Amino acid sequence: MKQSHNNVRSLKGMLSFLLLLFLTGCWSSNEIEEKALSVGLALDEGKESKIEKELKEQGGGYNQTEKITMTYQFVNPQGTGSESKGGGSQQKPYLNITETGDSIHQMSREFSLRSSLPMFSPHLKVIVISEDLVRKYSLEQLLDQFLRDNEVRPSCLVFISSGRANETMESKESGEIPAFRLIGISDNEDRTTRILPPMSLAKLEGKMQSGSSFLLQNVISTNGEVKFSGAAVITGKTKKLLGFLNEEELDGLTWITGKGKGGLVKNFDKETNQPIIYEVKSMKSKITPRIKGNNISFDVKIESEGRLSENWVVSGETSEKKFLKSAEKAAEEEVKQSVNNVIEKMQKDYQVDVAGFGNRLRIEHPKVWEKVKKDWDQTFSEVPIEYNVKLTIMDYGASSFKK
(Lines give C-alpha, C1' and ligand atoms only; values in the text may rest on other atoms or scores of the structure.)
Protein backbone atom coordinates (compact mmCIF):
# COMPACT_ATOMS: atom_id res chain seq x y z
CA MET A 1 0.00 0.00 0.00
CA LYS A 2 2.85 2.34 0.88
CA GLN A 3 4.50 1.64 -2.48
CA SER A 4 1.24 2.55 -4.22
CA HIS A 5 1.10 5.93 -2.44
CA ASN A 6 4.69 6.63 -3.46
CA ASN A 7 3.86 5.88 -7.10
CA VAL A 8 0.92 8.28 -6.99
CA ARG A 9 3.12 11.01 -5.52
CA SER A 10 5.72 10.43 -8.25
CA LEU A 11 3.10 10.61 -10.98
CA LYS A 12 1.70 13.86 -9.54
CA GLY A 13 5.19 15.31 -9.39
CA MET A 14 5.86 14.47 -13.03
CA LEU A 15 2.54 15.99 -14.14
CA SER A 16 3.24 19.17 -12.17
CA PHE A 17 6.65 19.46 -13.82
CA LEU A 18 5.16 19.01 -17.29
CA LEU A 19 2.51 21.66 -16.59
CA LEU A 20 5.21 24.12 -15.55
CA LEU A 21 6.84 23.67 -18.95
CA PHE A 22 3.64 24.87 -20.64
CA LEU A 23 3.28 27.87 -18.31
CA THR A 24 6.52 29.57 -19.30
CA GLY A 25 4.69 32.41 -21.08
CA CYS A 26 4.49 33.58 -24.70
CA TRP A 27 8.18 33.78 -25.56
CA SER A 28 7.42 34.60 -29.21
CA SER A 29 4.79 37.30 -28.55
CA ASN A 30 4.91 40.82 -29.98
CA GLU A 31 3.58 43.90 -28.24
CA ILE A 32 0.52 45.42 -29.93
CA GLU A 33 2.22 48.85 -29.79
CA GLU A 34 4.90 47.43 -32.07
CA LYS A 35 2.44 46.72 -34.89
CA ALA A 36 0.38 48.86 -37.27
CA LEU A 37 -3.14 47.75 -36.32
CA SER A 38 -5.34 48.02 -39.44
CA VAL A 39 -9.08 48.31 -38.84
CA GLY A 40 -10.47 49.63 -42.13
CA LEU A 41 -9.78 49.45 -45.84
CA ALA A 42 -11.09 51.43 -48.81
CA LEU A 43 -10.65 50.42 -52.46
CA ASP A 44 -11.02 53.05 -55.20
CA GLU A 45 -10.15 53.49 -58.86
CA GLY A 46 -6.45 54.22 -59.23
CA LYS A 47 -5.51 57.81 -58.42
CA GLU A 48 -2.09 58.53 -56.97
CA SER A 49 -1.96 60.77 -53.91
CA LYS A 50 0.29 63.84 -53.74
CA ILE A 51 2.69 62.01 -51.42
CA GLU A 52 2.91 59.03 -53.78
CA LYS A 53 3.71 61.32 -56.71
CA GLU A 54 6.44 63.11 -54.75
CA LEU A 55 7.98 59.81 -53.63
CA LYS A 56 7.91 58.53 -57.22
CA GLU A 57 9.68 61.69 -58.42
CA GLN A 58 12.49 60.84 -56.01
CA GLY A 59 12.79 57.29 -57.35
CA GLY A 60 10.30 55.62 -55.04
CA GLY A 61 8.22 54.00 -57.78
CA TYR A 62 7.99 50.42 -58.99
CA ASN A 63 6.60 48.54 -61.98
CA GLN A 64 2.79 48.73 -61.76
CA THR A 65 -0.31 50.03 -63.48
CA GLU A 66 -2.59 52.38 -61.59
CA LYS A 67 -5.65 50.15 -61.35
CA ILE A 68 -6.53 50.53 -57.69
CA THR A 69 -5.94 53.03 -54.91
CA MET A 70 -5.99 51.28 -51.55
CA THR A 71 -6.43 53.25 -48.33
CA TYR A 72 -5.65 51.45 -45.09
CA GLN A 73 -6.92 52.85 -41.80
CA PHE A 74 -4.74 52.24 -38.76
CA VAL A 75 -5.41 52.88 -35.09
CA ASN A 76 -3.24 55.75 -33.88
CA PRO A 77 -2.36 55.05 -30.20
CA GLN A 78 -1.03 58.61 -29.79
CA GLY A 79 -4.42 60.00 -30.82
CA THR A 80 -6.64 57.92 -28.56
CA GLY A 81 -7.50 59.73 -25.38
CA SER A 82 -5.02 62.60 -25.80
CA GLU A 83 -6.43 66.09 -25.45
CA SER A 84 -4.97 69.51 -25.90
CA LYS A 85 -5.29 72.32 -23.36
CA GLY A 86 -8.23 73.66 -25.30
CA GLY A 87 -10.10 70.41 -24.81
CA GLY A 88 -9.69 69.11 -28.38
CA SER A 89 -7.82 66.05 -29.50
CA GLN A 90 -4.20 66.73 -30.44
CA GLN A 91 -4.16 63.91 -32.97
CA LYS A 92 -6.80 61.87 -34.71
CA PRO A 93 -7.27 58.38 -33.23
CA TYR A 94 -6.72 56.96 -36.70
CA LEU A 95 -4.20 57.27 -39.51
CA ASN A 96 -4.99 56.70 -43.21
CA ILE A 97 -2.22 55.65 -45.61
CA THR A 98 -2.77 55.33 -49.36
CA GLU A 99 -1.02 53.18 -51.96
CA THR A 100 -1.80 52.88 -55.68
CA GLY A 101 -1.04 49.83 -57.82
CA ASP A 102 -2.43 46.74 -59.53
CA SER A 103 -1.95 44.03 -56.88
CA ILE A 104 -3.66 44.08 -53.49
CA HIS A 105 -0.94 41.93 -51.94
CA GLN A 106 1.94 43.93 -53.38
CA MET A 107 0.40 47.23 -52.30
CA SER A 108 0.03 45.85 -48.76
CA ARG A 109 3.74 44.98 -48.75
CA GLU A 110 4.66 48.42 -50.07
CA PHE A 111 3.50 49.84 -46.73
CA SER A 112 6.46 48.02 -45.20
CA LEU A 113 8.71 50.42 -47.10
CA ARG A 114 6.96 53.44 -45.59
CA SER A 115 6.38 52.41 -41.98
CA SER A 116 8.61 51.01 -39.26
CA LEU A 117 5.68 49.04 -37.85
CA PRO A 118 4.60 45.81 -39.57
CA MET A 119 0.98 45.76 -40.71
CA PHE A 120 -1.31 43.61 -38.53
CA SER A 121 -4.70 42.85 -40.12
CA PRO A 122 -6.53 40.21 -37.99
CA HIS A 123 -8.62 43.08 -36.55
CA LEU A 124 -9.65 44.50 -39.94
CA LYS A 125 -13.33 45.40 -39.44
CA VAL A 126 -14.57 46.78 -42.77
CA ILE A 127 -13.76 46.84 -46.47
CA VAL A 128 -15.45 49.58 -48.52
CA ILE A 129 -15.33 49.34 -52.33
CA SER A 130 -16.20 52.25 -54.59
CA GLU A 131 -18.99 52.10 -57.17
CA ASP A 132 -16.64 52.87 -60.08
CA LEU A 133 -14.25 50.09 -59.15
CA VAL A 134 -16.87 47.35 -58.75
CA ARG A 135 -18.46 48.31 -62.07
CA LYS A 136 -15.09 47.76 -63.73
CA TYR A 137 -13.80 44.69 -61.87
CA SER A 138 -15.65 41.77 -60.30
CA LEU A 139 -15.82 41.28 -56.54
CA GLU A 140 -14.03 37.97 -57.06
CA GLN A 141 -11.03 39.85 -58.46
CA LEU A 142 -11.09 42.63 -55.90
CA LEU A 143 -11.46 40.37 -52.85
CA ASP A 144 -9.43 37.38 -54.00
CA GLN A 145 -6.39 38.17 -51.87
CA PHE A 146 -8.43 38.78 -48.70
CA LEU A 147 -10.33 35.51 -49.13
CA ARG A 148 -7.04 33.62 -49.59
CA ASP A 149 -5.18 35.38 -46.76
CA ASN A 150 -6.00 33.81 -43.40
CA GLU A 151 -4.69 36.88 -41.58
CA VAL A 152 -7.89 38.77 -42.45
CA ARG A 153 -10.79 37.33 -40.47
CA PRO A 154 -13.84 36.13 -42.43
CA SER A 155 -16.04 38.23 -40.10
CA CYS A 156 -14.79 41.44 -41.76
CA LEU A 157 -17.78 43.33 -43.25
CA VAL A 158 -17.99 44.50 -46.86
CA PHE A 159 -19.75 47.65 -48.11
CA ILE A 160 -20.12 49.52 -51.39
CA SER A 161 -19.71 53.29 -51.68
CA SER A 162 -21.48 55.27 -54.40
CA GLY A 163 -18.70 57.88 -54.09
CA ARG A 164 -14.99 57.58 -53.34
CA ALA A 165 -14.58 54.81 -50.78
CA ASN A 166 -11.68 56.54 -49.02
CA GLU A 167 -14.02 59.38 -48.03
CA THR A 168 -15.91 56.95 -45.78
CA MET A 169 -12.64 56.57 -43.86
CA GLU A 170 -12.67 60.19 -42.72
CA SER A 171 -14.38 61.78 -39.72
CA LYS A 172 -14.46 65.21 -38.11
CA GLU A 173 -15.85 63.83 -34.86
CA SER A 174 -13.25 64.01 -32.10
CA GLY A 175 -12.13 60.57 -30.93
CA GLU A 176 -14.07 58.69 -33.62
CA ILE A 177 -12.50 55.94 -35.74
CA PRO A 178 -14.44 55.81 -39.06
CA ALA A 179 -14.14 52.02 -39.49
CA PHE A 180 -15.73 51.49 -36.07
CA ARG A 181 -18.44 54.01 -36.95
CA LEU A 182 -19.53 51.86 -39.92
CA ILE A 183 -19.73 48.80 -37.67
CA GLY A 184 -21.81 50.78 -35.18
CA ILE A 185 -24.28 51.94 -37.84
CA SER A 186 -24.61 48.36 -39.10
CA ASP A 187 -25.64 47.32 -35.58
CA ASN A 188 -28.68 49.63 -35.84
CA GLU A 189 -30.63 47.16 -37.99
CA ASP A 190 -33.17 46.74 -35.17
CA ARG A 191 -34.11 50.43 -35.54
CA THR A 192 -34.89 50.60 -39.25
CA THR A 193 -35.88 48.48 -42.24
CA ARG A 194 -33.28 50.27 -44.37
CA ILE A 195 -30.17 48.47 -43.12
CA LEU A 196 -29.26 45.11 -44.62
CA PRO A 197 -28.12 42.20 -42.44
CA PRO A 198 -24.30 42.52 -42.18
CA MET A 199 -22.41 40.94 -45.10
CA SER A 200 -19.14 39.40 -43.92
CA LEU A 201 -16.39 38.08 -46.17
CA ALA A 202 -17.47 34.54 -45.27
CA LYS A 203 -21.10 35.16 -46.29
CA LEU A 204 -20.04 37.08 -49.38
CA GLU A 205 -17.88 34.20 -50.61
CA GLY A 206 -20.91 31.91 -50.32
CA LYS A 207 -23.06 34.39 -52.25
CA MET A 208 -20.51 34.61 -55.05
CA GLN A 209 -20.12 30.85 -55.31
CA SER A 210 -23.89 30.36 -55.46
CA GLY A 211 -24.12 32.27 -58.74
CA SER A 212 -27.17 34.19 -57.48
CA SER A 213 -27.51 37.96 -57.57
CA PHE A 214 -27.35 39.71 -54.20
CA LEU A 215 -27.19 43.03 -52.35
CA LEU A 216 -24.50 44.90 -50.45
CA GLN A 217 -25.13 47.87 -48.16
CA ASN A 218 -24.41 51.19 -49.86
CA VAL A 219 -22.63 53.98 -47.96
CA ILE A 220 -22.55 57.63 -48.98
CA SER A 221 -20.29 60.28 -47.48
CA THR A 222 -19.78 64.01 -47.42
CA ASN A 223 -17.58 66.31 -45.38
CA GLY A 224 -16.61 63.62 -42.87
CA GLU A 225 -20.17 62.36 -42.41
CA VAL A 226 -21.55 59.05 -43.67
CA LYS A 227 -24.99 57.53 -44.18
CA PHE A 228 -26.27 54.10 -45.12
CA SER A 229 -28.33 54.79 -48.22
CA GLY A 230 -29.97 51.90 -50.04
CA ALA A 231 -28.15 48.91 -51.46
CA ALA A 232 -25.86 47.94 -54.33
CA VAL A 233 -27.17 45.27 -56.72
CA ILE A 234 -24.49 42.70 -57.62
CA THR A 235 -25.21 40.34 -60.53
CA GLY A 236 -24.68 36.64 -59.97
CA LYS A 237 -23.04 36.02 -63.36
CA THR A 238 -20.43 38.78 -63.45
CA LYS A 239 -20.12 39.64 -59.72
CA LYS A 240 -20.13 43.29 -60.79
CA LEU A 241 -22.27 46.25 -59.80
CA LEU A 242 -25.47 46.58 -61.82
CA GLY A 243 -27.08 49.51 -60.01
CA PHE A 244 -28.65 50.57 -56.73
CA LEU A 245 -31.87 50.27 -54.77
CA ASN A 246 -32.72 53.54 -53.06
CA GLU A 247 -33.72 53.69 -49.38
CA GLU A 248 -37.45 53.22 -50.00
CA GLU A 249 -36.84 50.30 -52.38
CA LEU A 250 -34.61 48.63 -49.80
CA ASP A 251 -37.44 49.19 -47.33
CA GLY A 252 -39.79 47.23 -49.62
CA LEU A 253 -37.27 44.44 -50.10
CA THR A 254 -36.92 44.03 -46.34
CA TRP A 255 -40.67 43.50 -46.11
CA ILE A 256 -40.49 40.84 -48.82
CA THR A 257 -37.72 38.91 -47.07
CA GLY A 258 -39.22 39.42 -43.61
CA LYS A 259 -35.72 39.89 -42.18
CA GLY A 260 -36.36 43.27 -40.60
CA LYS A 261 -35.82 43.56 -36.86
CA GLY A 262 -37.54 46.90 -36.42
CA GLY A 263 -38.47 50.11 -38.17
CA LEU A 264 -41.24 52.55 -39.00
CA VAL A 265 -44.00 52.92 -41.57
CA LYS A 266 -45.08 56.52 -42.18
CA ASN A 267 -48.33 57.33 -43.92
CA PHE A 268 -50.57 60.39 -44.15
CA ASP A 269 -54.18 60.64 -43.10
CA LYS A 270 -56.36 61.10 -46.20
CA GLU A 271 -58.57 63.82 -44.69
CA THR A 272 -56.04 65.92 -42.77
CA ASN A 273 -52.80 64.96 -44.56
CA GLN A 274 -51.20 64.63 -41.12
CA PRO A 275 -48.58 61.89 -40.48
CA ILE A 276 -49.32 58.65 -38.65
CA ILE A 277 -46.40 56.43 -37.66
CA TYR A 278 -46.56 52.65 -37.27
CA GLU A 279 -43.62 51.16 -35.35
CA VAL A 280 -42.65 47.61 -36.29
CA LYS A 281 -42.30 45.23 -33.34
CA SER A 282 -42.18 42.05 -35.42
CA MET A 283 -42.42 41.04 -39.06
CA LYS A 284 -42.46 37.83 -41.00
CA SER A 285 -42.83 36.91 -44.64
CA LYS A 286 -43.51 33.68 -46.48
CA ILE A 287 -42.65 33.31 -50.17
CA THR A 288 -44.56 30.43 -51.74
CA PRO A 289 -43.74 29.24 -55.28
CA ARG A 290 -46.66 27.97 -57.41
CA ILE A 291 -46.07 25.55 -60.27
CA LYS A 292 -48.68 24.95 -62.93
CA GLY A 293 -47.33 23.03 -65.92
CA ASN A 294 -44.36 25.04 -67.17
CA ASN A 295 -45.54 28.22 -65.48
CA ILE A 296 -44.02 29.58 -62.27
CA SER A 297 -45.59 32.18 -60.00
CA PHE A 298 -45.12 33.34 -56.41
CA ASP A 299 -47.32 34.37 -53.51
CA VAL A 300 -45.84 36.57 -50.79
CA LYS A 301 -47.59 36.76 -47.43
CA ILE A 302 -46.33 39.56 -45.18
CA GLU A 303 -47.44 39.96 -41.56
CA SER A 304 -46.40 42.38 -38.85
CA GLU A 305 -47.38 43.46 -35.37
CA GLY A 306 -46.58 46.92 -34.07
CA ARG A 307 -47.78 50.01 -32.30
CA LEU A 308 -49.10 53.44 -33.15
CA SER A 309 -46.01 55.39 -32.10
CA GLU A 310 -46.95 58.88 -33.34
CA ASN A 311 -50.22 60.46 -34.42
CA TRP A 312 -50.76 64.02 -35.62
CA VAL A 313 -54.41 63.50 -36.39
CA VAL A 314 -57.09 64.88 -34.09
CA SER A 315 -59.71 62.17 -34.50
CA GLY A 316 -62.79 64.12 -33.37
CA GLU A 317 -65.79 61.83 -32.97
CA THR A 318 -64.10 58.80 -34.56
CA SER A 319 -64.06 55.78 -32.27
CA GLU A 320 -60.76 54.30 -31.14
CA LYS A 321 -61.39 50.96 -32.85
CA LYS A 322 -62.38 52.56 -36.14
CA PHE A 323 -59.39 54.90 -36.13
CA LEU A 324 -56.90 52.09 -35.43
CA LYS A 325 -58.36 49.98 -38.25
CA SER A 326 -58.05 52.94 -40.57
CA ALA A 327 -54.43 53.49 -39.47
CA GLU A 328 -53.66 49.80 -40.07
CA LYS A 329 -55.05 49.92 -43.60
CA ALA A 330 -53.13 53.08 -44.39
CA ALA A 331 -49.87 51.52 -43.16
CA GLU A 332 -50.60 48.36 -45.17
CA GLU A 333 -51.06 50.41 -48.33
CA GLU A 334 -47.74 52.13 -47.71
CA VAL A 335 -45.95 48.79 -47.36
CA LYS A 336 -47.69 47.45 -50.49
CA GLN A 337 -46.47 50.46 -52.44
CA SER A 338 -42.87 49.89 -51.28
CA VAL A 339 -43.10 46.19 -52.15
CA ASN A 340 -44.56 46.96 -55.58
CA ASN A 341 -41.84 49.51 -56.33
CA VAL A 342 -38.97 47.16 -55.53
CA ILE A 343 -40.54 44.25 -57.44
CA GLU A 344 -40.80 46.50 -60.50
CA LYS A 345 -37.18 47.59 -60.04
CA MET A 346 -36.00 43.97 -59.82
CA GLN A 347 -38.09 42.60 -62.66
CA LYS A 348 -38.31 45.47 -65.12
CA ASP A 349 -35.24 47.66 -64.60
CA TYR A 350 -32.52 45.26 -63.46
CA GLN A 351 -34.02 41.83 -64.27
CA VAL A 352 -32.37 40.20 -61.25
CA ASP A 353 -33.70 38.34 -58.21
CA VAL A 354 -32.11 39.74 -55.04
CA ALA A 355 -35.01 38.89 -52.72
CA GLY A 356 -34.62 35.11 -52.51
CA PHE A 357 -37.48 33.95 -54.76
CA GLY A 358 -35.17 31.52 -56.54
CA ASN A 359 -33.98 30.09 -53.25
CA ARG A 360 -37.54 29.28 -52.20
CA LEU A 361 -38.13 27.61 -55.57
CA ARG A 362 -34.93 25.57 -55.10
CA ILE A 363 -36.05 24.38 -51.66
CA GLU A 364 -39.67 23.55 -52.48
CA HIS A 365 -39.38 22.44 -56.12
CA PRO A 366 -35.78 21.27 -56.70
CA LYS A 367 -36.55 19.55 -60.02
CA VAL A 368 -38.09 22.72 -61.44
CA TRP A 369 -35.17 24.74 -60.13
CA GLU A 370 -32.65 22.54 -61.95
CA LYS A 371 -34.38 23.41 -65.22
CA VAL A 372 -34.41 27.17 -64.72
CA LYS A 373 -31.43 27.97 -62.46
CA LYS A 374 -29.01 28.66 -65.33
CA ASP A 375 -30.96 31.71 -66.53
CA TRP A 376 -32.98 32.33 -63.39
CA ASP A 377 -32.62 36.13 -63.35
CA GLN A 378 -34.09 36.33 -66.86
CA THR A 379 -36.88 33.87 -65.99
CA PHE A 380 -37.61 35.75 -62.77
CA SER A 381 -38.17 39.00 -64.67
CA GLU A 382 -41.30 37.49 -66.27
CA VAL A 383 -42.71 35.60 -63.26
CA PRO A 384 -46.06 36.81 -61.80
CA ILE A 385 -45.84 37.80 -58.13
CA GLU A 386 -48.86 38.34 -55.89
CA TYR A 387 -48.48 39.76 -52.39
CA ASN A 388 -50.66 40.26 -49.35
CA VAL A 389 -49.85 42.54 -46.42
CA LYS A 390 -51.41 42.34 -42.96
CA LEU A 391 -50.36 44.82 -40.24
CA THR A 392 -51.83 44.75 -36.75
CA ILE A 393 -51.63 47.63 -34.28
CA MET A 394 -51.32 46.03 -30.84
CA ASP A 395 -51.24 49.26 -28.81
CA TYR A 396 -50.71 53.01 -29.10
CA GLY A 397 -48.21 53.56 -26.32
CA ALA A 398 -48.70 55.12 -22.90
CA SER A 399 -50.72 58.05 -24.24
CA SER A 400 -54.48 57.90 -24.17
CA PHE A 401 -56.39 57.81 -27.46
CA LYS A 402 -56.75 61.29 -29.04
CA LYS A 403 -60.22 62.71 -29.35
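By the naming in an unreviewed UniProt entry, the protein is Ger(X)C family spore germination protein, taken from Metabacillus rhizolycopersici. Looking at the Sequence similarities (unreviewed entry) heading of the UniProt record, one finds this comment for the protein: "Belongs to the GerABKC lipoprotein family." Under the Subcellular location (unreviewed entry) heading, UniProt states for the protein: "Membrane".

Draft legend 1. View of the side chain of Ser304. Along the chain, Ser304 falls in strand S12 (residues 295-311). A distance of 2.9 Å separates polar atoms of two side chains, one belonging to Ser304 and the other to Tyr278. Not counting residues within four places of it along the chain, the set of residues in contact with Ser304 comprises Trp255, Tyr278, Val280, Ser282, Met283, Lys390, Leu391 and Thr392.

Draft legend 2. The arrangement of the pairing of strand S1 (residues 36-45) in detail. Of all 10 residues in S1, 9 are buried, a share of seventy percent or more. Alignment of S1 against strand S4 (residues 119-120), held across 2 bridges, turns out to be parallel. Counterpart to Ala36 in the pairing with S4 is Met119. Note: S1 against strand S2 (residues 68-75), 7 bridges, orientation antiparallel. Counted as the bridge partner of Glu45 is Ile68 from S2. As defined by bridge partners, S1 adjoins strand S5 (residues 126-130) across 4 bridges and the pair is classed as parallel.

Draft legend 3. Main features of the sheet that holds strand S11 (residues 275-292). The 4 strands lie next to each other as S10-S11-S12-S13, forming an open sheet whose pairing is mixed. The open sheet has two edge strands, strand S10 (263-268) and strand S13 (385-395), and neither has a second partner. Taken over all neighbouring pairs, the strand axes of this sheet differ in orientation by 35° on average, direction set aside. The pairing of S12 with S13 spans 10 bridges and is classified as parallel. Within the sheet, the bridge partner assigned to Asp299 lies in S13 and is Glu386. On the sheet, helix H9 (residues 320-350) packs against S10, S11, S12 and S13 and is oriented at approximately 145° with respect to S13.

Draft legend 4. Seen up close, the nonpolar core. Leu215, Trp255, Ile256, Phe298, Met346, Phe357 and Trp376 are the most contacted members of the largest nonpolar core, which has 45 residues in total. It is H9 that contributes the most residues to this core, 10 residues altogether. Apart from the residues within four sequence positions on either side, Phe298 is in contact with Ile287, Thr288, Pro289, Phe357, Leu361, Trp376, Val383, Pro384, Ile385 and Glu386.

Draft legend 5. Geometry of the packing of aromatic side chains. Going through the model one piece at a time under the given rule, you end up with 9 aromatic pairs. Where Phe159 meets Phe228, the ring centres are 5.5 Å apart and the plane angle is 50°; that geometry is what we call tilted. Of this pair, Phe159 sits in strand S6 (residues 157-161) while Phe228 sits in strand S8 (residues 225-234), placing them 69 residues apart in sequence. Judged by relative accessible area, which is 3%, Phe159 ranks as buried.

Draft legend 6. The arrangement of the pattern of salt bridges in detail. Under the definition given, this model contains 23 salt bridges. Here Glu189 and Lys261 are joined by a salt bridge, their closest N and O atoms 3.5 Å apart. One end of the pair, Glu189, is in the loop between helix H6 (178-186) and helix H7 (201-210); the other, Lys261, is in the loop between helix H8 (247-257) and S10, with 72 residues separating them in the sequence. Residue Lys261 is classed as exposed on the basis of its relative accessible area of 53%.

Draft legend 7. Seen up close, H8. H8 sits mainly inside the fold: 9 of its 11 residues count as buried. Within H8, burial applies to Glu247, Glu249, Leu250, Asp251, Gly252, Leu253, Thr254, Trp255 and Ile256. Positive phi shows up at Gly258, right after H8, with a value of about 70°.

Conventions adopted
- Residues numbered from 1 in each chain as written.
- Predicted model: local features only at pLDDT ≥ 70, side-chain atom pairs only at ≥ 80, totals over all residues.
- Heavy atoms only, no water.
- UniProt positions renumbered as here; feature names shortened; annotations may be inferred.
- Helix = DSSP H or I, 4+ residues; strand = E, 2+ residues; numbered from the N terminus.
- Polar contact = N/O pair within 3.5 Å; in protein donor to acceptor, adjacent residues only side chain to side chain.
- Contact = heavy atoms within 4.5 Å.
- Buried < 20%, exposed > 50% of the residue type's maximum accessible area, 1.4 Å probe, protein only.
- Pairing = 2+ DSSP bridges.
- Axes fitted to C-alpha atoms, helices over the stretch in contact; angles between N-to-C directions.
- Core = buried A, V, L, I, M, F, W, Y, C linked by side-chain atoms within 4.5 Å.
- Phe/Tyr/Trp six-rings, centres within 6.5 Å; stacked < 30°, edge-to-face > 60°.
- Salt bridge = Lys/Arg side-chain N within 4 Å of Asp/Glu carboxyl O.

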